[in-house]
Every structure is written in C-alpha cells, then in structure tokens.
Amino acid sequence: MASTYVAGDPGAAYGRWTNPVWTSFEQALGDLEGGVATVFSSGMAAVNAVLEHASSRPGLPAPGGVVVVPDGAYSGTLALLPPARYVRVDIADTAATVAALDAHSGEVAALWIESPTNPALAIADVNALTSAARARGVPTVVDNTFATPVGANPLAAGADVVVHSVTKLLAGHSDLVLGAVVTGDPTTTAALVDRRTRQGSVASPFDTWLALRGLRTLVVRVERACANAAMLAERLVGHPALARVRYPGLPSDPGYERARRTLRMPGSIVCVEFHGGAAVADAFCDAVRLWMPATSLGAVESTLERRRRWPAESASVDESLVRLSVGIEDVEDLWTDLEQALVSATAHT
Ligand SMILES: *Cc1c(COP(=O)(O)O)cnc(C)c1O
C-alpha cells in the first residue's frame, strides 16, 4: 500500500511507476489472456491509453486517423474521441467491416472490436477480422470485457491488443473501478506503461488486491452466471410482454452459430425489448425486488437497467431495451422475481 520504498529496493521505488500488487495482478491476467498485462485506474483509462497509442502511429493523417468501431460499442469508448474520428460499422457484418477498412485505407489507426457488443450483443468473426486487418497493416484491439478470458482469448485469435474493464466480471463484486490492457508485443507494452506513468492513470494497490482476489473465483462465477443466463433466456423467449430476447446462447439468436465458433460460452448478459416501449420497460425495472436496478454489469449479484435512460447510449439501441446482468444467485429466485415484475409491468400500462 506504500507510495514510496526504501531506496535501492529492486522491486519498487515510487507508487506511480510500479507496485508489487500490480505485478501480481498483471502476471495473473497476462497468463489468463496469453500476453503481458498492464493495469490502469479504470477501463476507460485503459481504452484511452490504447486509442492514444494507436493514434500516434507514424504515417496517419492528423489528428491520428480514424478508428473503425462497432455501431453499438460501449458508449464511453464512442464518447472518447471526436465523432469524426470514428467510422461506425455493424461488427457482425464482416464484409462491411472489411469494406470500411478499405474505404479508409491508409488512415485507420485501429480496428476496434467488441464481441459480444454492449448492449446489442452482436457477435464478431474475430479471426476473420484480425486477419483482414493484419493484411492491411491495421492493428486490431478487442475489448474483451464481456467474454472475459474464460470465454475468449483474442490474442490467440490474432488481435494485437486486448482491453478490459476489470470493474466488471474480472473483479466481479461491484466494489472497485479498474482497467487493464494485454498485448503480446513488448514495444506496445512499454509504450503503454510509459503513458500510464506520465499521465498518472494508476491503479489503487488496494483495489488491485481486491481484483486479484476476484480473479481466483472468475471461472466458477462466470460458469454459474452463464448457466443462469442460459436458463433465464430460454424461459423469457416467447413471453407475451417481450418483443425480443437477445442471448447468443439461444439457437434462435442471430449470433448463435458464430458464438459457438468464437466463444467458449455465450456469457452472462441477456437483453430484452418490451411491447409498449420505454414506459413498460421502466415499470418492469421498478417492479423487481431481488434484481438490483443499477448500471454496470458482471457482478455476483444480478442487476438490470434500461440502457436508453442514458443520453449517451447509441440511438441504434431500442428505447425499451433492458440489459440483464445475470449473477450467481439461485436461478429459481431470479426467475420468480422476473416473472412477477413482467406481470406487474404489463398490468400497469
Ligand atoms: C464498463 C466498460 C468499459 C469502461 O470501463 P470502466 O471500468 O467503467 O472505466 C469499457 N468497455 C466495456 C465493454 C465496458 O462494459
């Protein structure tokens, strides 16, 4: 927990440069992803460092070229650069994404991938996209927050850089904000560490220690949450209050086949859309008693929210879309609560 260390200590000197707890966490996450990890003060600090690094690549037009991003990428990522620096694509449409790389040939700083996207749950063909990008000299970044290294290892699928909001499933208990970057390239890692040191986007040692403790149960949490999500999604399909249920583990889902090929498990996030729009969705969120109406995701406790309550959420997301982040509680308790909230929401509107 120290900010400074006895002079001459080979492992530590000053708390903005390095910290022994960071090193333990970075080794664990690096092993899980198959690369070298660097911890940051938040997921957004990690995203920012990677975007700045990609934009500083020589040969790009000022001010750093454009970034090809999924239409429904995390709203914070889409808000980081001026809108003109983003080229938005349907990341599930491989041909359209590659066409966007070609249309902006010579000016693409990076291809940014999320799979599944947040909250549209679009599934990308990560292998095909990374090889298309590599053939064009464009680095690929995968935000692996939703899949976690339990579900996917993008570096092995050809990505150059992986970013994480450690806040979510990796830490898993809604008690800290932290981020990380993983790469297989020592030059990139050194540049990111240098950026972290100069900009001071450093992680709290205590929060990093909590995240390391969270990592010890990652596999069992993710497996249980995913099994719960699959069971709830199956029961939600066809419910008369719902216009649509999205979950990549459902055979009826547009991402099902690709998720089976590219992800070890379909994840713990389920999205539903309501007949009757935002009002019914809001009534549903007000009516749950065990589920927690709250933003964020990936914790041991189940949470839900209507995403368009945030003005920054993409207009491509339906007004009535409620994102369910499924936790590790008893699945029958979770279902009983959803069922009564669905009845209550539709009765009042
Ligand atoms: C939450 C989130 C982020 C941002 O992470 P913070 O830890 O909140 O800064 C980035 N990407 C995705 C997919 C997220 O869900």
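Keep in mind that this is a model prediction, so the values were computed, not measured.

About the thresholds
Residues numbered from 1 in each chain as written. Predicted model: local features only at pLDDT ≥ 70, side-chain atom pairs only at ≥ 80, totals over all residues. Heavy atoms only, no water. Buried < 20%, exposed > 50% of the residue type's maximum accessible area, 1.4 Å probe, protein only. Helix = DSSP H or I, 4+ residues; strand = E, 2+ residues; numbered from the N terminus. Pairing = 2+ DSSP bridges. Arc of directions from axis to C-beta. Contact = heavy atoms within 4.5 Å. 1 Å grid on protein atoms, 1.4 Å probe; cavity = no way out; pocket = protein on both sides within 12 Å on 5 of 7 lines; lining within 4 Å. Points joined across faces, edges and corners; volume = space filled by probe spheres on them. Nonpolar A, V, L, I, M, F, W, Y, C, P; charged D, E, K, R; others polar. Axes fitted to C-alpha atoms, helices over the stretch in contact; angles between N-to-C directions. Left-handed = near helix turned anticlockwise from the far one by under 90°.

A. Examining the pairing of strand 1 (residues 36-40) more closely. The buried fraction of strand 1 amounts to 4 of the 5 residues, a majority that puts the element mostly inside the structure. Relative to strand 7 (residues 179-183), strand 1 runs antiparallel, the two sharing 5 bridges. Each residue of the ladder has a partner; that of T38, found in strand 7, is V181.

B. Just helix 11 (residues 277-287), in detail. Those residues of helix 11 that sit buried are V280, A281, F284, C285 and A287. The arc that holds every buried residue of helix 11, seen down its axis, measures 165°, which confines them to one face. Summarising the contacts, the buried residues of helix 11 are in contact with strand 9 (269-274), strand 10 (292-293), strand 11 (303-306), strand 12 (322-325) and helix 12 (331-347).

C. Just empty space enclosed by the protein, in detail. By the definition in use, this model includes 3 cavities of 30 Å³ or more. Approximately 60 Å³ is the volume attributed to the largest cavity. What lines the largest cavity is simply P116, L121, F146, A147, G151, P248, L263, M265, P266, G267, S268 and I269. For the lining of the largest cavity, the class distribution of residues is 9 nonpolar, 3 polar and no charged.

D. Main features of the packing of helix 9 (residues 218-236) against helix 12. Helix 12 packs onto helix 9 with a crossing angle of 30° between their chain directions and a minimal axis gap of 10 Å. Between helix 9 and helix 12 lies a crossing whose hand is right-handed. Contacts between helix 9 and helix 12 involve N228, M231, L232, R235 and L236 on the former and, on the latter, V331, E332, L334, W335, L338 and L342. Here the contact of helix 9 with helix 12 is composed, by residue class, of 8 nonpolar, 1 polar and 2 charged.

That is the geometry; function is a separate question.
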